Amino acid sequence: MEKKNLCIAFSTQKGGAGKTTLTVLVASYLHYVKGYDVAVVDCDYPQYSIAEMRERDLRMATDDDYYKSMAYEQFTRLGKKMYPVIKSLPEKASKTAKALLQKGKYDIIFFDLPGTVNKEGVIYTLSLMDYIFSPISADRVVLESTLRFAHRLNKAIVLIGKSKIKGLHLIWNMVDGREKTELYGVYEQIIAELHLSVLKTFLPDSKRFRRELPVSHKALFRSTIFPADKVLLKGSNIETLVEEILEIINS
């Protein structure tokens, strides 16, 4: 497998839209299940949610014999280590990624950016991405905010060729119920009129997306050192989402 060093961001300017959760779920699935080598640059200053999650994961896997054994079995079977999670400021993300690439080759480097384009370096760093995926929901405030962000980015950077960006795609997230309703068809017509692309795969509204390493040894879903549990993956559409993303970036 040729190393592509692709730069990808799940990005939006609306907090709570799911960009950090998607980054972790997709990165972990690609690294631990699909055999890709990934890295994560956490630029979400000052909370650094993914770096904090990694620290919690490591503490649990170090202090708890159950997870310690689980980690040993996984890394022995895979013959590879956990993917790196590196803190950076948005304006220094490019330098951080270059430093990563000097130490090793990666198929994909994910960037987790702040939920506002007004912070220093965010727009510049987004312009360096190969692909941007923006989670949206049917909440009117979230949808309008994300569409403004995506349309502005598409018009100012992508369409005029002033960036590396090969694709900007929206992802329906937190969809209520098993299927999208007619309302989504109306929204998708607006999205098409803005010359924006939306993925076929949608993610359901489910508590599992907020589940990290539990103390009680229950199945885990969101983790930086393990992939999501196979049972919890069912109905989450994460596997389908990953396949659709791979189809886009490998085309």
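Conventions used here
Residues numbered from 1 in each chain as written. Predicted model: local features only at pLDDT ≥ 70, side-chain atom pairs only at ≥ 80, totals over all residues. Heavy atoms only, no water. 1 Å grid on protein atoms, 1.4 Å probe; cavity = no way out; pocket = protein on both sides within 12 Å on 5 of 7 lines; lining within 4 Å. Points joined across faces, edges and corners; volume = space filled by probe spheres on them. Helix = DSSP H or I, 4+ residues; strand = E, 2+ residues; numbered from the N terminus. Nonpolar A, V, L, I, M, F, W, Y, C, P; charged D, E, K, R; others polar. Buried < 20%, exposed > 50% of the residue type's maximum accessible area, 1.4 Å probe, protein only. Polar contact = N/O pair within 3.5 Å; in protein donor to acceptor, adjacent residues only side chain to side chain. Contact = heavy atoms within 4.5 Å.

**Q** Would you mind showing me how to read the layout of surface pockets here?
**A** Rolled over the atoms, a probe sized like a water molecule indicates the empty space that remains. What the largest pocket holds in volume is close to 360 Å³. If you go around the largest pocket, you meet 21 residues; those closest to its centre are Q74, R77, P227, A228 and K230. Those elements that place two or more of their residues in the lining of the largest pocket are helix 1 (19–32), helix 3 (65–78) and helix 8 (230–233). A per-element tally of the lining of the largest pocket places helix 3 first, with seven residues. Looking at the lining of the largest pocket, its residues break down into 13 nonpolar, two polar and six charged.

**Q** Explanation requested: the side chain of S223 in the structure shown.
**A** Checked against the element boundaries, S223 lands in the loop between strand 7 (197–204) and helix 8. S223 sits in the buried class, given a relative accessible area of 1%. Here I225 takes part through its backbone nitrogen, which lies 3.1 Å from a polar atom of the side chain of S223. Here F226 takes part through its backbone nitrogen, which lies 3.2 Å from a polar atom of the side chain of S223. When neighbours within four sequence positions are excluded, S223 is seen to be in contact with V24, S28, D57 and Y83.

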